[in-house]
Amino acid sequence: MKLSRRQTLQLGFGAFLGAGCTQMSQLSNSAFGMPSKDFPIKGSLSLKQRAAAKGIIFGAAANQRDVVRDTEYAQVLAKDCGILVPENDLKWADLRPSPDQFDFQRGDWMAQFTKQHGLLLRGHTLAWHQSNPEWLKDITRQQAEQVLVKHIHTVVKHYAGRMHSWDVVNEAIDGAWSDRADKLQPTQWVKLLDKNYIEIAFRAAAAADPNAILVYNDTSVDYDVPEDNRTRAAILKLLESLKSRNVPIHALGIQGHLDAAEKRFNEKKFRDFLSEVAGMGLKILITELDVSDRSLPADIHVRDRAVADAIEQYLSVALDERAVSAVITWGISDRYTWLSRYPRPDKLPVRTLPYSDTMQRKLAWNAIARSFDAAPKR
Ligand code: XIL
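Keep in mind that this is a model prediction, so the values were computed, not measured.

Things to note about empty space enclosed by the protein
Then, number 1: Scanning the entire structure with this criterion turns up one cavity of 30 Å³ or more.
Then, number 2: Space inside the largest cavity adds up to approximately 30 Å³.
Then, number 3: As for the largest cavity, its lining consists of Ala127, Trp128, His129, Asn170, Glu171, Ala172, Thr187, Trp189 and Tyr197.
Then, number 4: Among the residues forming the lining of the largest cavity, the class breakdown is five nonpolar, three polar and one charged.

Structural notes on the pairing of strand E3 (residues 120-124)
Then, number 1: Most of E3 is tucked away, with four of its five residues classed as buried.
Then, number 2: Of the pairings in the sheet, the one linking strand E2 (residues 83-86) to E3 comprises two bridges and is parallel in character. What sits directly across from Leu84, in E3, is Leu121.
Then, number 3: Where E3 meets strand E4 (residues 165-170), three bridges bridge the pair, whose relative direction is parallel. In the strand pairing of E4, Gly123 is matched with Trp166.
Then, number 4: With helix H9 (residues 141-158) bridging E3 and its parallel neighbour E4, the resulting β-α-β unit is right-handed.

Focus on the site of the ligand
Then, number 1: Near the ligand you find 13 residues, and of these Glu87, Lys91, His124, Asn170 and Glu288 are the closest.
Then, number 2: Between an oxygen atom of the ligand and a side-chain N or O atom of His124, the distance comes to 2.7 Å.
Then, number 3: A distance of 2.8 Å separates an oxygen atom of the ligand from a polar side-chain atom of Glu288.
Then, number 4: The fraction of the free accessible surface of the ligand (410 Å²) that becomes covered by protein chains is 86%.
Then, number 5: Each residue belonging to the shell around the ligand can be placed in one class, and the counts come to three nonpolar, five polar and five charged.

Some remarks on the pattern of salt bridges
Oppositely charged side chains can form a pair if their charged atoms are brought close together.
Then, number 1: Taken as a whole and judged by the stated rule, the model has 26 salt bridges.
Then, number 2: The salt bridge involving Glu72 is made with Arg335; its shortest N-O contact spans 2.9 Å. You can see Glu72 sitting in helix H6 (residues 71-80) and its partner Arg335 sitting in the loop between strand E9 (324-329) and helix H15 (363-374), a full 263 residues away along the chain.
Then, number 3: On the basis of relative accessible area, Arg335 is assigned to the partly exposed category, the value being 29%.
Then, number 4: Of the charged contacts in the structure, one is a salt bridge between Asp182 and Arg180, with a shortest N-O distance of 2.9 Å.

Considerations on the pairing of strand E5 (residues 213-218)
Then, number 1: Summarising burial for E5: five of the six residues are buried, a large majority.
Then, number 2: The pairing of E5 with strand E6 (residues 251-254) spans four bridges and is parallel. Bridge pairing links Tyr216 to Leu252 in E6.
Then, number 3: Taken together, E5, helix H12 (residues 226-244) and E6 form a β-α-β motif whose crossover is right-handed.

Comments concerning the environment of His129
Then, number 1: With respect to the secondary-structure elements, His129 resides in the loop between E3 and H9.
Then, number 2: Classification of His129 as partly exposed rests on a relative accessible area of 22%.
Then, number 3: Placed 60 residues apart in sequence, His129 and Trp189 show a C-alpha to C-alpha distance of 7.3 Å.

With respect to the packing of H12 against helix H13 (residues 267-279)
Then, number 1: Look at H12 against H13: their axes get within 11 Å of each other, and the N-to-C directions meet at 10 degrees. Compared by their axis directions, H12 and H13 come out roughly parallel. Contacts from Asn229, Arg232, Ile235, Leu236 and Leu239 in H12 reach Lys269, Phe273, Glu276 and Val277 in H13.
Then, number 2: A breakdown of the residues in the contact of H12 with H13 according to their chemical character gives five nonpolar, one polar and three charged.

Focus: H6
Then, number 1: Of the residues making up H6, those classed as buried are Tyr73, Ala74, Val76, Leu77, Ala78 and Asp80.
Then, number 2: Those residues of H6 hidden inside the fold are in contact with helix H4 (47-52), strand E1 (57-62), helix H5 (64-69), E2, helix H8 (105-116) and H15.

Structural notes on the packing of aromatic side chains
Then, number 1: For the structure on display, the rule yields eleven aromatic pairs.
Then, number 2: Between Trp92 and Trp135 the ring centres are 6.2 Å apart and the planes differ by 50 degrees, which places this aromatic pair in the tilted class. Taken together, the residues Trp92 in helix H7 (residues 92-95) and Trp135 in the loop between E3 and H9 connect sequence positions 43 residues apart.
Then, number 3: With a relative accessible area of 0%, Trp92 lands in the buried category.
Then, number 4: Ring geometry for Trp338 versus Tyr342: centroids 5.7 Å apart, planes at 85 degrees, classification edge-to-face.
Then, number 5: An aromatic cluster of at least three residues, connected via ring pairs, comprises Trp92, Trp135 and Trp189.
Then, number 6: For Arg96, the ring lying beneath its charged end belongs to Phe102, and the centroid distance is 3.9 Å.
Then, number 7: The aromatic ring of Trp365 is capped on one face by Arg361, whose charged end is 3.6 Å from the ring centroid.

Quick notes on the nonpolar core
The tendency in soluble globular proteins is for nonpolar side chains to be buried side by side.
Then, number 1: Ranked by size, the top nonpolar core spans 111 residues in total, and within it Trp166, Val169, Trp189, Tyr197, Tyr216 and Ile254 carry the most contacts.
Then, number 2: Broken down by element, this core gets its largest block of residues, nine residues, from helix H14 (residues 300-318).
Then, number 3: Sequence-distant contacts of Tyr197, defined by excluding residues within four places in its chain, comprise Ala127, Leu148, Val169, Ala172, Trp189 and Val190.
Then, number 4: Counting 13 residues, the second largest nonpolar core, distinct from the first, contains Ala326, Ile328, Trp338 and Tyr342.

Rules of the game
- Residues numbered from 1 in each chain as written.
- Predicted model: local features only at pLDDT ≥ 70, side-chain atom pairs only at ≥ 80, totals over all residues.
- Heavy atoms only, no water.
- 1 Å grid on protein atoms, 1.4 Å probe; cavity = no way out; pocket = protein on both sides within 12 Å on 5 of 7 lines; lining within 4 Å.
- Points joined across faces, edges and corners; volume = space filled by probe spheres on them.
- Nonpolar A, V, L, I, M, F, W, Y, C, P; charged D, E, K, R; others polar.
- Buried < 20%, exposed > 50% of the residue type's maximum accessible area, 1.4 Å probe, protein only.
- Helix = DSSP H or I, 4+ residues; strand = E, 2+ residues; numbered from the N terminus.
- Pairing = 2+ DSSP bridges.
- Right-handed = clockwise from strand over helix to strand, strands pointing away.
- Near = heavy atom within 4 Å.
- Polar contact = N/O pair within 3.5 Å; in protein donor to acceptor, adjacent residues only side chain to side chain.
- Areas by Shrake-Rupley, 256 points an atom, 1.4 Å probe, with all protein chains shown as cover.
- Salt bridge = Lys/Arg side-chain N within 4 Å of Asp/Glu carboxyl O.
- Axes fitted to C-alpha atoms, helices over the stretch in contact; angles between N-to-C directions.
- Parallel < 35°, antiparallel > 145°, perpendicular 65-115°, else oblique.
- Contact = heavy atoms within 4.5 Å.
- Phe/Tyr/Trp six-rings, centres within 6.5 Å; stacked < 30°, edge-to-face > 60°.
- Lys NZ or Arg CZ within 6 Å of the ring centre and 35° of its normal.
- Core = buried A, V, L, I, M, F, W, Y, C linked by side-chain atoms within 4.5 Å.

Set out below in structure tokens:
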């Protein structure tokens, strides 16, 4: 069985280990070579400054519990980021301990942190089946719309005027496994409200904050593999249908969870996809960039180059499209990355983000810097 990246992550690393080991044994250091390229950078500007010089926003996701107790980490975030995304603090599971409660503590702390450091704040996410609290399983079809709208009104109003953008709906489509024609995942929201939940969510968000950029965010659109090809096609159809009904949607978020061992990046297909989205008058944000090094050899130098290479190849195409207005990494340091939960077969710490776990800049940082430096101005 071939698992998509989305599925391996959803099923957990146990399901992936077999595949990972096979791939691992097939790949030697020489398979990746030692590219002569050292990803040189000019000057000493931060990532946010390099991005801003081209009219782009750079930022990262972080969890409040890490930022609050790790000053070194907080400093790196404040220095390099122009925007921060609470990684989990604004998800249903964290915000909604019970049907009557909204726990804004951690989200508010992050809002205050961004304000204090002059950063933008981004909201993630108002509807995502994987972050639903247990109690949500008990709601009926009759209650569903009201529960969804109440959540969105309350949360979006709470941050209105402070939020740059909201991922209103996350990962609605699954080109790998959905057997529906529209490729919607058969999540609880779909079971309760069918595809209407998407429109309901966007309209509720717009009513609660007319100024935030409202984003449809999804994953697995990056490679020329059948499931990603189906996901891209389904996303285009969804966006067209939302636009044709004047649903207030302003941007597509592309998560960008890359895999350094995946060679099937098709520049033309990705470019064409971005240009079709831009053609609908939508902005595009790269919202969760990171690069799995799970199937790479152990050698750190080889891994860091391969990760940087994947980033530069991807961003050089993405940033050529002027509708791409932001690049956000899912974490900024290997000290805190969700990919640690899906460990390498050899159990070595993963190296997926711009900073190492000791907060040293890696070649991935250079790759992002170089991509901004080379990008056309917006
Ligand atoms: C992940 C977080 O990083 C984890 O800490 C959490 O346990 C699960 O969610 N796509 C998304 C993000 O849209 O919300 C996910 O974040 C990563 C995949």
